[in-house]
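# Survey of secondary and tertiary structure
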Amino acid sequence: MARGGGNRSRLLLVILLVTALFFITLDLRGVNLTKGSRSISQTILSPVQRTVSDIFSPVGRFFGDIKNFGKTNAELQNELATNKLLKAEIATNADIKGQLTQLKGVLDLAGRGNFKVVAARVIARGSASSFSQTITIDSGSSSGIRSNMTVISQNGLIGVVKTTTSSSAIVLLMSDPSFRVGVRIARSQSVGVLSGLGSNNYSLVLLDPSGSIKIGDTLLTNGSAGNKPFVPGVPVGVVTSVDDSTGTLTQTATVNSYANLNDLGVVSVIVSAPTTAPTTPILPTPNPVVTVYVTPAPIPLLSPGATASAIPTPTSTPSSVATKKK
Amino acid sequence: MSPTRIFTTLGFFFALFVIQESAVSLIHFPLSGFSLYLAIAISLIAFEDHNGALVTGFLAGIVLDLSPTSNAPFGQWALILTGIGFLFAVNRDSIADLTSSPITFVLFVAGGVAIALVTYLAFGALLGEQNGSLGHDGKVLLGNTIWTLVFTPMFLPALERVREYSLTARER
């Protein structure tokens, strides 16, 4: 630069670097100008992405097709359909068994069918020049989609809506390193936090160090307050390895997701979930059902009013009936 | 770099950005993808003279910052690609005319892509972004570098012609 550019080049370099730093500062301070520019680019991009997706999707699957060369399409479709059915059955059975064991009727997985969903097509994937893991779908705020809504595929959870425009939305995939979701183990009802690792594997950290976790355990979403960003009961994945070494404060595990994030064609955004689903099961709750109905001795010690107010009621049946009557 | 050429370059980068985000990102490349945008942007930076490399890098970065899927703050890519432009400008004299040796040129472009991505990760780490495990990031870096090495020779002749066409008589 000193040889060829001289002072003018140095000045230009300084001006450009200062401009870039100025933009970064504006963005980090939350100025709408920079956020708005990305929103505008998304609005421009989404119609193009939708069109290109129609034409380009066979090319996009080119490398995957090479890998599966030799298997007929019919065989693949058959295997996929069987797998989906089995995974859904395993998730439902394990969850119901876990809840029956602990006499907790907090969630009926069959209620998952009551989700109100908006189906959307995947029209783009996150850019290779950034390390974030996202997809773009062809439905947006005009279809009722808002940010922080749960996104599922046929096999289970895939992510959460990050931003929306009127006709498209960007979904943060669960494999993104910044992704966190509260999950519970269907068998033991232990709760933990699942994190994306940027690949097909996920890290699970149990909140309770004495919680029970085994290889093969099924994980379901724990749910968030107001069902945002996560509705409860959506199948997430299966535990593939457990690290319970004595040196760690809590148990960690590696998880494989049910949904294949590399093969997303159509996804569904949950725009509303049944209000009767448990929204905050992350808190350990005593089991009032056992105390009241199975062991009659403690009943005289507690007045009916004290029982109702002192013990949290995790079961949703009474409130659900009341809601339905309204 | 003339104002006309700045606007032409900006338009070219935006078109390239749309292609990258709409088409190239749909392809499931083994080893986590290929950024055609970065490969072409760094090739163009390498073609330019001192000031041209800086301006081209900045313009390429600004357009890439428009990516709605990016978690990075607006301006991060502009900063990084201006830096890459500076690196090419400084080393241009010492490595002679890159265009006379296509193999060296491709190696420099692939190296430039790798440096840009590593710098992006480093800035991300400084700014508290979560960009994944070391293994995953290494895979993305390796994938991008390999695919850049593979694809750059394919688009290089066409890119050189487009650039020649866009130059004014004075710039030639």
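Here we summarise the structure given alongside this text. If you're wondering where the values come from, they're calculated on a predicted model, not measured in any experiment.

This part takes up the overall build of chain A. Across its full length, chain A carries 7 helices and 12 strands. The burial tally for chain A puts 42% of its 326 residues in the buried class. Sequence-distant contacts in chain A: of pairs separated by 6 or more residues, those separated by 24 or more amount to 61%. Carbon and sulfur atoms form 61% of the exposed surface of chain A, whose accessible area is close to 16,700 Å².

Residues and elements named next belong to chain A. Strands sit in the order S6-S7-S8-S11-S10-S9 around a closed barrel of 6 strands; the barrel is antiparallel. With direction set aside, neighbouring strand axes in the sheet form an average angle of 40°. Two strands pair when backbone bridges link them, and strand S6 (residues 180-185) and strand S7 (residues 191-196) are joined in this way by 5 bridges, in the antiparallel orientation. Note that in S7 the partner of Arg184 across the bridge is Val191.

Next up on the list: the interface of chain B and chain A. Each partner contributes to the interface: chain B provides 57 residues, whereas chain A provides 54 residues. There are 0 salt bridges connecting chain B and chain A. The interface formed by chain B and chain A holds 8 residue pairs in polar contact (both at pLDDT 80 or more) in total. Looking at the side of chain B that touches chain A, the elements with two or more residues in it are helix H1 (3-22), helix H3 (50-64), helix H4 (76-91), helix H5 (102-126) and helix H6 (134-166) of chain B.

This paragraph deals with the environment of Thr152 of chain B. All names here are of chain B. Mapped onto the elements, Thr152 comes out in helix H6. The sequence separation of Thr152 and Ala39 amounts to 113 residues, and the corresponding C-alpha distance is 6.9 Å. Residue contacts for Thr152: discarding those within four places in its chain leaves Ala39, Ser43, Val106 and Val109.

Glancing now at unusual backbone geometry. All names here are of chain A. The backbone of Asn148 sits at a positive phi, close to 70°, despite the residue not being glycine. Position of Asn148 among the secondary structure elements: in the loop between strand S2 (134-137) and strand S3 (150-153). Looking at Asn148, the relative accessible area reads 41%, which means it is partly exposed. Despite not being glycine, Gln189 has its phi angle at roughly 65°, a positive value. You can see Gln189 is positioned in the loop between S6 and S7. Overall, the relative accessible area of 11% leaves Gln189 in the buried class.

Residues and elements named next belong to chain A. Ordered in space as S1-S2-S5-S4-S3-S12, the 6 strands form a closed barrel in which the pairing is antiparallel. Ignoring strand direction, the axes of neighbouring strands in this sheet form an average angle of 45°. With 3 bridges connecting them, strand S1 (residues 116-125) and S2 associate as antiparallel partners. Along S2, the bridge assignment pairs Val122 with Ile137.

Calculation rules
Residues numbered from 1 in each chain as written. Chains lettered and ligands numbered in written order. Predicted model: local features only at pLDDT ≥ 70, side-chain atom pairs only at ≥ 80, totals over all residues. Heavy atoms only, no water. Helix = DSSP H or I, 4+ residues; strand = E, 2+ residues; numbered from the N terminus. Buried < 20%, exposed > 50% of the residue type's maximum accessible area, 1.4 Å probe, protein only. Contact = heavy atoms within 4.5 Å. Areas by Shrake-Rupley, 256 points an atom, 1.4 Å probe, with all protein chains shown as cover. Pairing = 2+ DSSP bridges. Axes fitted to C-alpha atoms, helices over the stretch in contact; angles between N-to-C directions. Salt bridge = Lys/Arg side-chain N within 4 Å of Asp/Glu carboxyl O. Polar contact = N/O pair within 3.5 Å; in protein donor to acceptor, adjacent residues only side chain to side chain.

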